[in-house]
Amino acid sequence: MILKKKIPRDFYKLFRTQNMEYYMQLLTALYEADQEAYALTQLTDSECRSILAETIARVNLVWWEDETEKTEDEGFPGLSPSAVLDRFVKWGWLSKDFDEKLNCYIIGFPEYSRLYVELFDRLEKEDDSMERESILSVYSALYTYDSDPEKNNSILKSALRTSKSLGQMLSNMQDSMRLWFDELSKRKDFIGIQEVLVNEINNRESVKYAILTTTDSFYRYKEAVKELIAKILEENENRREKLMAQKRMLAAQTGGADALQETAADGSTPALLKLERGLQFCEEAAQLVLSVEREFDLIEKKYNRLIELKTVFARRALARIHYLLQEGAGAEDSTLELIGLLNNSGKKNALLEDFRAVSYTHLTL
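Residues numbered from 1 in each chain as written. Predicted model: local features only at pLDDT ≥ 70, side-chain atom pairs only at ≥ 80, totals over all residues. Heavy atoms only, no water.

### As for the overall build of the chain
Here is step 1: Across its full length, the chain holds 17 helices and three strands.
Here is step 2: Residues counted as buried form 37% of the 365 residues belonging to the chain.
Here is step 3: When contacts within the chain are restricted to residue pairs at least 6 apart in sequence, long-range pairs at least 24 apart make up 71% of them. (Helix = DSSP H or I, 4+ residues; strand = E, 2+ residues; numbered from the N terminus. Buried < 20%, exposed > 50% of the residue type's maximum accessible area, 1.4 Å probe, protein only. Contact = heavy atoms within 4.5 Å.)

See the structure below:
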């Protein structure tokens, strides 16, 4: 059965309630506890209530009175651990089964629910995607495949997924740069400019960019990846030609049809079918490696574009700062306007003394 069809209708109520973020954090807390305890046993209902109580006390969020939730409560207040746990079970986010040995209810996560909660868990944490979505990861996967005597195509599939993820990450970085400059352009004074610059330095996208252009630089692994791709394709083609030769030889010796009926003494797959399967793996490997190569070419274009955009946006930011310092400063920053007036005035010292006196009077009042 398709996993999506197992999801109950009330499952999506979580996304319609005003307390969605609260529920996400509570489910994440239960999920983390379940992962730790899973090697021994699943969580009991009393353990879940304790975890929910601790999380509710720790989470600094506002709980909204939701009419839908009120109608479902059976004697429990909306945010009580028992009410929340009961609601998760009713909505289908959690499963509840009675364990006769433990003489209590056991709480678990249905498979479809686990997929969502794993996403919630990832959204709540610092982005660790650089570990997965990196040039080094692509290189490592290709190197592992090349060294693998069995030539497991799952390794190539991993390299392809990582390549696509890295390409998407580079696109996200470009969007982040545009948003950052748009925010910079809206600021009208130096305090605002400073705030945007500090936020940009601490931005996770900026951290990724720094890693990507230094320790994980594309050009650091570019040639090595290209060489590995060429080597894998050549070896795969040689392996395919050998299998084709063996297939032709076997077909000529047995007449083709007889080989399909013969089975080895250990019960293994007939020889000709085994060769056919080997050829299919070779074909799949070639397609995967070519797909990785195409993704890698796209990554190179996006990487170069990212470097160009970083330079363009840096120049625009500098031009914006220069504008505030010079032409736009007088109209947009009263402090700089005052400094300009003092510098152009022949009575600078006298004005400063008057300003000091007025400031002292206000402070004493």
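### A short note on unusual backbone geometry
Here is step 1: The backbone phi angle of Asn-103 is positive, close to 60°, even though this residue is not glycine.
Here is step 2: Position of Asn-103 among the secondary structure elements: in the loop between strand S2 (95-99) and strand S3 (104-108).

### A closer look at the pattern of salt bridges
Pairing between side chains of opposite charge can happen when their charged atoms approach one another.
Here is step 1: Here the structure, examined in full by the defined rule, presents eleven salt bridges.
Here is step 2: As a salt-bridge pair, Arg-240 and Glu-237 come within 3.0 Å of each other at their nearest N and O atoms. In this pair, Arg-240 and Glu-237 are both assigned in helix H12 (residues 218-254), three residues apart and thus about one turn of the helix distant.
Here is step 3: Overall, Glu-237 belongs to the partly exposed group, its relative accessible area being 31%. (Salt bridge = Lys/Arg side-chain N within 4 Å of Asp/Glu carboxyl O.)

### A closer look at the sheet that holds S3
Strand pairing in a sheet takes place through backbone hydrogen bonds and is either antiparallel or parallel in direction.
Here is step 1: Read from one edge of the open sheet, three strands run S1-S3-S2, paired in antiparallel fashion. The open sheet has two edge strands with one neighbour each: strand S1 (43-44) and S2.
Here is step 2: Pairing analysis gives two bridges linking S1 to S3, with the strands arranged antiparallel. If you follow Thr-44 over to S3, its bridge partner there is Ile-106. (Pairing = 2+ DSSP bridges.)

### Digging into the nonpolar core
Here is step 1: Membership of the largest hydrophobic core comes to 35 residues, with the highest contact counts inside it found for Ile-135, Leu-142, Leu-156, Trp-180 and Val-292.
Here is step 2: Among the elements that line this core, the one with the most residues is helix H9 (residues 153-186), at twelve residues.
Here is step 3: In contact with Leu-142, not counting residues within four places along its chain, are Leu-156, Ala-159, Val-225, Leu-228, Ile-229, Ile-232 and Val-292.
Here is step 4: Residues Tyr-23, Cys-48, Trp-91 and Phe-109 belong to the second largest nonpolar core, which totals 30 residues. (Core = buried A, V, L, I, M, F, W, Y, C linked by side-chain atoms within 4.5 Å.)

### Points about the packing of aromatic side chains
How two aromatic rings sit relative to each other is given by the distance of their centres and the angle of their planes.
Here is step 1: Overall, the coordinates contain 18 aromatic pairs when judged by the stated rule.
Here is step 2: Both rings, one in Phe-15 and one in Tyr-116, keep their centres 5.9 Å apart while their planes meet at 50°; by these two values the pair is tilted. Of this pair, Phe-15 sits in helix H1 (residues 13-16) while Tyr-116 is found in helix H6 (residues 111-124), placing the two residues 101 residues apart along the sequence.
Here is step 3: Residues Tyr-23 and Trp-91 carry aromatic rings whose centres are separated by 5.3 Å and whose planes lie at 70° to one another, so their mutual orientation is edge-to-face. Within this pair, whereas Tyr-23 is found in helix H2 (residues 20-37), its partner Trp-91 is found in helix H5 (residues 81-91), the two being separated by 68 residues in sequence.
Here is step 4: Given a relative accessible area of 1%, Trp-91 falls into the buried group.
Here is step 5: For Lys-151, the ring lying beneath its charged end belongs to Tyr-145, and the centroid distance is 5.4 Å. (Phe/Tyr/Trp six-rings, centres within 6.5 Å; stacked < 30°, edge-to-face > 60°. Lys NZ or Arg CZ within 6 Å of the ring centre and 35° of its normal.)

### Quick notes on the pairing of S3
Here is step 1: Of all five residues in S3, four are buried; the element is thus mostly enclosed.
Here is step 2: Strand direction decides the pairing type here: S2 and S3, joined by five bridges, are antiparallel. Among the inter-strand pairings, Lys-96 is bridged to a residue of S3, identified as Ile-107.
Here is step 3: In this structure, the hairpin formed by S2 and S3 is closed by a connection of four residues, where Asn-103 is found at a positive phi of approximately 60°.

### Looking at the environment of Thr-17
Here is step 1: Within the secondary structure, Thr-17 is located in the loop between H1 and H2.
Here is step 2: A C-alpha to C-alpha distance of 9.5 Å links Thr-17 and Glu-65, two positions 48 residues apart in sequence.
Here is step 3: At a separation of 3.2 Å, a polar atom in the side chain of Thr-17 contacts the main-chain amide nitrogen of Asn-19. (Polar contact = N/O pair within 3.5 Å; in protein donor to acceptor, adjacent residues only side chain to side chain.)

### Here's the deal with H5
Here is step 1: Ala-83, Val-84, Leu-85, Arg-87, Phe-88 and Trp-91 are the residues of H5 that are buried.
Here is step 2: Following H5 by one or two positions, Gly-92 has its phi on the positive side, about 95°.

### Some details on helix H3 (residues 45-58)
Here is step 1: With 14 residues, H3 should cover 20 Å at 1.5 Å per step; its first-to-last C-alpha distance of 20 Å lies within 8% of that length.
Here is step 2: Considered for burial, the residues of H3 that qualify are Asp-45, Cys-48, Ile-51, Leu-52, Thr-55 and Ile-56. An end-on view of H3 places all buried positions within 135° of arc, on one side of the element. Facing away from the buried surface of H3 by more than 90 degrees, the exposed residues are Glu-54, Ala-57 and Arg-58. (Expected span 1.5 Å × (residues − 1). Arc of directions from axis to C-beta.)

### Some thoughts on the packing of helix H8 (residues 135-147) against H9
Here is step 1: Between H8 and H9, whose axes approach to 9 Å, the crossing angle comes to 165°. What the angle tells us is that H8 and H9 run roughly antiparallel. Like other packed secondary-structure pairs, H8 and H9 cross with a definite hand, here left-handed. Residue-level inspection shows Ile-135, Ser-137, Val-138, Ala-141, Leu-142, Thr-144 and Tyr-145 of H8 in contact with H9, the latter providing Asn-153, Ile-155, Leu-156, Ala-159, Thr-162, Ser-163 and Leu-166.
Here is step 2: For the contact of H8 with H9, the residue count by class is nine nonpolar, five polar and no charged. (Axes fitted to C-alpha atoms, helices over the stretch in contact; angles between N-to-C directions. Parallel < 35°, antiparallel > 145°, perpendicular 65-115°, else oblique. Left-handed = near helix turned anticlockwise from the far one by under 90°. Nonpolar A, V, L, I, M, F, W, Y, C, P; charged D, E, K, R; others polar.)

### Digging into a nonpolar patch on the surface
Here is step 1: Taken together, Tyr-12, Phe-15 and Met-20 make up a surface patch of nonpolar side chains, about 220 Å² in accessible area.
Here is step 2: Take Met-20: it is sitting in helix H2. (Patch = residues over 30% accessible without salt bridge, like charges linked within 9 Å, V, L, I, M, F, W, Y side chains within 5 Å. Areas by Shrake-Rupley, 256 points an atom, 1.4 Å probe, with all protein chains shown as cover.)

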